[in-house]
Amino acid sequence: MKKITNKHVLGITMVIIDSLFFSLMSLFVRLSGNVPTMEKTFFRNLIAAVIALIALSRTEEKFKIKKGSVPSLLARSIAGGLGMICNFWAIDHIALADANILNKLSPFFAIIASIFILKEIPNRLEIFTVVIAFCGALFIVKPTAGLASLPALVGLLGGLGAGIAYTFVRKLGNQGERGPVIVAFFSVFTCLMVLPFMLMDFQPLSIKQLLCLLGAGGAAAVGQFTVTAAYKFAPAKEISVFDYSQLLFASIWGLLFFGEIPDGWSVIGYVIIIGMAIVKWYYNVYVQKDQ
C-alpha cells in the first residue's frame, strides 16, 4: 500500500487551496453580472498574462520558447481558450456547482484526447471510468430538457476544451517546455483571441464589475501557482482527486450568494463523476503500484 507522507499532506492541502481559489474565480465571474463572456475571458486572462510575463522576465532564459513547442502551444491555447469561453458562458446560465463539475470532466476527456495526441491507449479501467463519468454527466445535462439543457451542454464542451488543453500541457512537459512559458503563452494568446470580439460588443464596466473581473483574474492566478506548487510535493495522479473539492466550495458559494440548491438528478451526477475520479485515483495509487 502507498504510504502517505508529509509531502503528500502538503500537496493535498495545496490542491484544496487551489480548488478554493478556482471556485472563487467562478464566483467572481458570476458576480460580475451581465458583462459579455468575451470581456470576462479577456480580463481573467489579462491578470494571469501580466503575472506570468513578470515571472518569465525574472528567469535566466527570459521569454525563450523551446524549439518545436509552438504548434503544441497554439493547440493548447486554442483548446483552452475555447473551453474557458464555454465554461464562463455556462457559469452565467446554470448553477455554479453544475458548471464546475462539468468542467471537472476534463481529466476524463484527457484520457480520450491522449489517444490521438500522445498515442496512449487507455486500459480497461480508464475506459470504464470515462463511460460511467459521461453517464453521470447526463444526469446534470438532462438532454430531455430540450433548450433548457443547452447551457449544460456548453459547460460540457468547456470540460472537453480543458481536457484537450491539459493533454497538450502534458505533451509540452514531456518536450521539456517550461511551465511559465505555457501559462504566459496561453494567457496572452487568449487575450488576443477574444480581443476583436470584445471590442465589437464592449460594455463599459462599473466599479463593482471591474473589481469582480480583477478578482476572477487574481483568484485564477493564485489557483494556478498553488496547483503548480502542489505537484512539486506529489505526483498529479496521487493527489489530483482532491481537486474535486472545488465542487464543495462552488456549492457553498451558489447557496450563499444565489440561493442555488442542486436538484436530485444533478446530485446523482456529482456522485457518479466524483466516484469515478476516486476509482481512477485508487487504481493509480494503490493497485497499479502493487502489481
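Throughout, a residue's number is its position along its own chain's written sequence, starting from 1. Local features in a predicted model are, by the rule used here, given only for residues with pLDDT of at least 70; side-chain atom pairs are given and counted only at 80 or more, and totals for whole chains, interfaces and linings are based on all residues. The side-chain figures draw on all heavy atoms in the structure; neither hydrogens nor water molecules are used.

Student: What am I meant to see in the packing of aromatic side chains here?
Tutor: The description of an aromatic ring pair uses the distance of the two centres, along with the angle that the planes make with each other. Centre distance within 6.5 Å is the pairing criterion for rings of Phe, Tyr and Trp, where only the six-membered ring of Trp is used; planes under 30 degrees apart are then read as stacked, over 60 as edge-to-face, and the remainder as tilted. Using the criterion set out here, one finds seven aromatic pairs in the structure. Ring centres of Phe185 and Phe189 lie 6.3 Å apart, and the angle between their planes is 10 degrees; on these two criteria the pair is classed as stacked. Of the two residues, Phe185 and Phe189 both sit in helix 8 (residues 179-200), four residues apart, roughly one turn of that helix. Arranged with centres 6.4 Å apart and planes meeting at 70 degrees, the rings of Trp253 and Phe257 form a pair that is edge-to-face. A helix here means a DSSP run of H or I that spans at least four residues, while a strand means a run of E at least two residues long, and both kinds are numbered starting from the N terminus.

Student: Could you clarify how one ought to interpret the packing of helix 4 (residues 96-103) against helix 11 (residues 245-258) in this entry?
Tutor: Helix-helix packing: each pair is described by the crossing angle between the helix axes and the interaxial distance. Here an axis means a line fitted to C-alpha atoms, over the contact stretch when the element is a helix, while the angle between two N-to-C directions is reported on a 0 to 180 degree scale. Two elements in contact, helix 4 and helix 11, have axes separated by 8 Å at closest approach and are oriented at 160 degrees. When the interaxial angle is binned, helix 4 and helix 11 end up roughly antiparallel. Of the two possible hands of crossing, helix 4 and helix 11 adopt the one that is right-handed. Of the residues in helix 11, those touching helix 4 at Leu96, Ala97, Asn100 and Ile101 are Gln246, Leu247, Ala250, Ser251, Trp253, Gly254 and Phe258. Note on residue classes: Ala, Val, Leu, Ile, Met, Phe, Trp, Tyr, Cys and Pro are nonpolar, Asp, Glu, Lys and Arg are charged, and everything else, Gly too, is polar. Among the residues making up the contact of helix 4 with helix 11, the classes are represented as seven nonpolar, four polar and no charged. When describing relative orientation, an angle under 35 degrees is termed roughly parallel and one over 145 degrees roughly antiparallel, while 65 to 115 degrees is termed roughly perpendicular and anything else oblique. Note on convention: near helix rotated counterclockwise from far helix by under a right angle means a left-handed crossing. Clockwise means right-handed. Throughout, a residue-residue contact means that at least one pair of heavy atoms, one from each residue, lies within 4.5 Å.

Student: Please clarify how the confidence of the model for the protein should be interpreted in this entry.
Tutor: Low pLDDT means the predicted atomic positions in that stretch should not be read closely. pLDDT gives the predictor's per-residue confidence on a scale running from 0 to 100. Chain-level pLDDT for the protein is 90 on average; 96% of the residues reach the 70-or-more range. Here helix 10 (residues 236-239) stands out as the element of the protein with the lowest mean pLDDT, 74, in contrast to helix 3 (residues 70-91), whose mean of 97 is the highest.

Student: It is not clear to me how a nonpolar patch on the surface should be interpreted in this structure. Could you clarify?
Tutor: Like charges within 9 Å and nonpolar side chains (Val, Leu, Ile, Met, Phe, Trp, Tyr) within 5 Å are joined into patches, using only residues over 30% in relative accessible area that form no salt bridge. Residue-level accessible areas treat just the shown protein chains as cover; the underlying method is Shrake-Rupley with a 1.4 Å probe. Salt bridge, as used here, is a side-chain nitrogen of Lys or Arg placed within 4 Å of a carboxyl oxygen of Asp or Glu. On the surface, Ile65, Val70, Leu74, Ile78 and Leu82 cluster together into a nonpolar patch covering about 360 Å² of accessible area. If you trace the backbone, Leu82 turns up in helix 3.

Student: How should I be thinking about the packing of helix 2 (residues 37-57) against helix 8 in this particular structure?
Tutor: Interaxial distance between helix 2 and helix 8 falls to 8 Å at its minimum, and their mutual angle equals 150 degrees. Between helix 2 and helix 8 the crossing geometry is left-handed.

Student: Before we go on, may I ask you to explain the state of the cysteines in this structure?
Tutor: In a disulfide, the sulfur atoms of two cysteines are covalently bonded to one another. Any two cysteine sulfur atoms lying within 2.5 Å of each other are counted as a disulfide. Scanning all chains against the criterion turns up zero disulfides. With no disulfide of its own, Cys191 lies closest to Cys86 among cysteine sulfurs, the gap being 17 Å. The thiol sulfur of Cys212 is not disulfide-bonded, and the nearest other cysteine sulfur, from Cys191, lies at 18 Å.

Student: Just checking my understanding: could you explain the side chain of Thr190 for this structure?
Tutor: Relative to the assigned elements, Thr190 resides in helix 8. Not counting residues within four places of it along the chain, the set of residues in contact with Thr190 comprises Thr41, Asn45, Ser77 and Gly81.

Student: How should helix 11 be read in this particular structure?
Tutor: Since there are 3.6 residues in each turn of an α-helix, residues three or four apart along the chain are aligned in direction. For a helix, the expected span equals 1.5 Å multiplied by the residue count minus one. Taking 1.5 Å per residue as the helical rise, helix 11 with its 14 residues ought to reach 20 Å, and the 20 Å between its terminal C-alpha atoms agrees with that figure. Exposure categories follow from relative accessible area, calculated using a 1.4 Å probe and restricted to protein chains: below 20% of the type maximum is buried, above 50% is exposed, and the middle band is partly exposed. Among the residues of helix 11, those classed as buried are Ser245, Gln246, Leu247, Phe249, Ala250, Trp253 and Gly254. Positive phi appears at Gly259, one or two residues downstream of helix 11, with a value of about 65 degrees.

Student: What should I look at first to understand the environment of Leu214 in this one?
Tutor: Within the secondary structure, Leu214 sits in helix 9 (residues 207-233). As a C-alpha pair, Leu214 and Lys62 span 152 residues in sequence and 26 Å in three-dimensional space.

Student: Sorry if this is basic, but what is going on with the nonpolar core here?
Tutor: As a rule of thumb, soluble globular proteins bury nonpolar side chains together. If you look at the biggest cluster of nonpolar residues, it comprises 42 residues, and the most contacted ones within it are Met25, Ile101, Leu102, Leu105, Phe108 and Ile273. Looking at this core element by element, the count peaks at seven residues for helix 12 (residues 264-290). Those residues in contact with Met25 that sit more than four places away from it in its chain are Arg44, Phe88, Ala216, Ala219 and Ala220. Here, the term nonpolar core denotes a set of buried Ala, Val, Leu, Ile, Met, Phe, Trp, Tyr and Cys residues that are joined through side-chain atoms within 4.5 Å.

Student: I keep staring at the environment of Asp18 and nothing clicks. Help me out?
Tutor: The topology assignment puts Asp18 in helix 1 (residues 6-31). Taking C-alpha positions, Asp18 is 9.2 Å from Thr228, a pair spaced 210 residues apart along the chain. Discounting chain neighbours no more than four positions away, the residues touching Asp18 are Gly223, Thr226, Val227 and Asp243.

Student: What am I meant to see in the environment of Leu156 here?
Tutor: Among the structural elements, Leu156 can be located in helix 7 (residues 150-174). In this structure, the C-alpha to C-alpha distance between Leu156 and Ala99, residues 57 residues apart in sequence, is 8.2 Å. Not counting residues within four places of it along the chain, the set of residues in contact with Leu156 comprises Leu102, Leu105, Phe109 and Ala137.

Student: Explanation requested: the side chain of Glu177 in the structure shown.
Tutor: Mapped onto the secondary structure, Glu177 falls in the loop between helix 7 and helix 8. We note that Glu177 is buried and unpaired, the nearest opposite charge coming from Arg178 at a distance of 4.4 Å. Residues adjacent in sequence count toward polar contacts only when both atoms are side-chain atoms; beyond that, a polar contact is any pair of N or O atoms within 3.5 Å, and within protein one must be able to donate a hydrogen and the other to accept it. For Glu177, the side chain forms a polar contact with the main-chain nitrogen of Lys66, separated by 2.9 Å. A distance of 2.9 Å separates polar atoms of two side chains, one belonging to Glu177 and the other to Ser69. Apart from the residues within four sequence positions on either side, Glu177 is in contact with Lys64, Ile65, Lys66, Ser69, Leu172 and Ile182. We count Lys and Arg on the positive side and Asp and Glu on the negative side, and we leave His and both chain ends out.

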